[in-house]
Amino acid sequence: MMSRDLRSDQPDVIVRSDATAAAKFVADRFAETIRSLPQCVLGLATGGTPIETYRELIRMHQEEGLDFSAVTTFNLDEYVGLGPDHPQSYRHFMRQHLLDHINIDPSRTHLPDGLATDLQGHAAEYEQQIVEAGGIDLQLLGIGHNGHIAFNEPGAAGDSRTRVVQLAEQTIEKNARFFASADEVPRTALTMGIGTILEAKRIVMLATGAGKAEAVRRALEDPADADHPASFLQTHANVTYVLDQGAASRLRL
Ligand code: GLP
C-alpha cells in the first residue's frame, strides 16, 4: 500500500488484493466521513464498480447502526429520457443498490432529472442545490474504459459544469449490457461537469479489474488532458485512487 504525503507530487494510490477488499476500503472511508460529520454531503456514482461498496455500507447500517439520517447525497449523472421507475435509470439503480436499504431521508437524495423539460435550466439548478448544501465533502468516482468520469467523455473541458452531453459510442456499447440491446441505451445524459466534480473537498476513485488498467495508468501517469477526462483529477489536491491488483497492473509506481 502506498499513501501520499499531500505536499508531495505522488498521487495517493491504495492497492488492494481484490475488488472486494478495495470496496471495503472505500466503504470504510465513507463510514468514517459519516461518523465524523453526520450531516455530510456525499457524491455518489453508478456503474458496476461501486455496487460492492454500497453493499458494505448497507451492511454497516444494518449491523453496526451506521446512521444516514442527516446525510445528503448528490449523484453524478442520469440518462436523459429515463424516469425514476425505468429499471436502467440511475435513480432506480441508486434505490436498488443503496438508498432503499438505509435510513436516509429521500428528500436529501439528489440525482439529475432525466425527464426535466428544461434540461439546461435543470442542470443549473442542480449546481445551485450542491452549493446550497455546502458543497460535496466526499465524492465517489468510477472510471470508464475511455477515461470518462461521470458522463464527461473525451473532449470534455476541465472547467465544464453540469450539462447535457452526448455519450461516446464506446460508452453506449459498454453500457448496453444493462439494456436489452445497444439501441435502447439513451444517447444523451445529464452529468456533473469536470469542474463541478473538482470542487468536491475529497475524491475517491475506485477502479477494479485489469480491463481498467490502461485507463487508470493514463489518468495517473499521462499529462492532464481532455482526451482522457480522468487525468484532470491530477489538478485536485485530495484524490485517493483505490485499486485492485488488476486495475493497478500497468502503473509504474
Ligand atoms: C458509467 C457511469 C460512470 C461510471 C462508468 C464505469 O457510464 N456514468 O459514472 O464510472 O460508466 O462503469 P463501470 O463501473 O460499470 O465500469
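One can find the structure itself at the top, above this paragraph.
Everything quoted here is computed from the prediction, not taken from an experiment. (Residues numbered from 1 in each chain as written. Predicted model: local features only at pLDDT ≥ 70, side-chain atom pairs only at ≥ 80, totals over all residues. Heavy atoms only, no water.)

1. A look at the sheet that holds strand β3 (residues 72–75)
So, step 1. The seven strands are arranged β1-β10-β9-β6-β2-β3-β5 in an open sheet whose pairing can be described as parallel. Two strands in the sheet have a free side with no partner beyond their single neighbour: β1 (12–16) and β5 (109–110).
So, step 2. With two bridges connecting them, strand β2 (residues 41–44) and strand β6 (residues 138–141) associate as parallel partners. Paired with Gly43 across the two strands is Gln139, which belongs to β6. (Pairing = 2+ DSSP bridges. Helix = DSSP H or I, 4+ residues; strand = E, 2+ residues; numbered from the N terminus.)

2. Considering the packing of aromatic side chains
So, step 1. Evaluation of the coordinates by the stated rule reveals five aromatic pairs.
So, step 2. Both rings, one in Phe74 and one in Tyr126, keep their centres 5.6 Å apart while their planes meet at 80°; by these two values the pair is edge-to-face. One end of the pair, Phe74, is in strand β3; the other, Tyr126, is in helix α4 (residues 119–132), with 52 residues separating them in the sequence.
So, step 3. Of the residues examined, Tyr126 reaches a relative accessible area of 1% and is grouped as buried. (Phe/Tyr/Trp six-rings, centres within 6.5 Å; stacked < 30°, edge-to-face > 60°. Buried < 20%, exposed > 50% of the residue type's maximum accessible area, 1.4 Å probe, protein only.)

3. Description of the pattern of salt bridges
So, step 1. Within the structure shown, the criterion is met by 16 salt bridges.
So, step 2. The closest approach of N and O atoms between Lys24 and Asp28, which form a salt bridge, is 3.1 Å. Here Asp28 and Lys24 lie together in helix α1 (residues 19–36), a separation of four residues that amounts to about one turn.
So, step 3. Relative accessible area serves as the criterion here: at 35%, Lys24 is assigned to the partly exposed category. (Salt bridge = Lys/Arg side-chain N within 4 Å of Asp/Glu carboxyl O.)

4. Looking at the site of the ligand
So, step 1. The local shell around the ligand holds 14 residues, among which Gly48, Thr49, Asp77, Arg177 and Lys212 are the closest.
So, step 2. Backbone polar atom of Gly48 to an oxygen atom of the ligand: 2.8 Å apart, as the coordinates give it.
So, step 3. The contact in question runs from an oxygen atom of the ligand to an N or O atom on the side chain of Arg177, over 2.9 Å.
So, step 4. Tallied by class, residues from the shell around the ligand come to four nonpolar, seven polar and three charged. (Near = heavy atom within 4 Å. Polar contact = N/O pair within 3.5 Å; in protein donor to acceptor, adjacent residues only side chain to side chain. Nonpolar A, V, L, I, M, F, W, Y, C, P; charged D, E, K, R; others polar.)

5. Thoughts on helix α2 (residues 51–64)
So, step 1. Compared with the 20 Å implied by 1.5 Å per residue over 14 residues, the 19 Å span of α2 between its first and last C-alpha is a close match.
So, step 2. Inspection of α2 places Ile51, Thr53, Tyr54, Glu56, Leu57, Ile58, Met60 and His61 among the buried residues, and these make up the whole buried set.
So, step 3. Where α2 is buried, its residues meet α1, β2, α3 (90–97), β6 and β9 (202–207).
So, step 4. Note on α2: the residue one or two positions beyond its end, Gly65, has a positive phi of about 75°. (Expected span 1.5 Å × (residues − 1). Contact = heavy atoms within 4.5 Å.)

6. Things to note about the environment of Val131
So, step 1. With respect to the helices, strands and loops of the structure, Val131 is situated in helix α4.
So, step 2. A sequence separation of 68 residues divides Val131 from Glu199, and the C-alpha atoms of the two residues are 10.0 Å apart.

7. Side note on the packing of α2 against α3
The angle between the axes and the distance between the axes are what describe a pair of packed helices.
So, step 1. The N-to-C vectors of α2 and α3 enclose an angle of 45°; their axes lie 9 Å apart at closest approach. Here α2 lies oblique to α3, going by the angle between them. Residues Ile51, Tyr54 and Ile58 of α2 form the contact with α3, whose participating residues are Phe93, Met94 and His97. (Axes fitted to C-alpha atoms, helices over the stretch in contact; angles between N-to-C directions. Parallel < 35°, antiparallel > 145°, perpendicular 65-115°, else oblique.)

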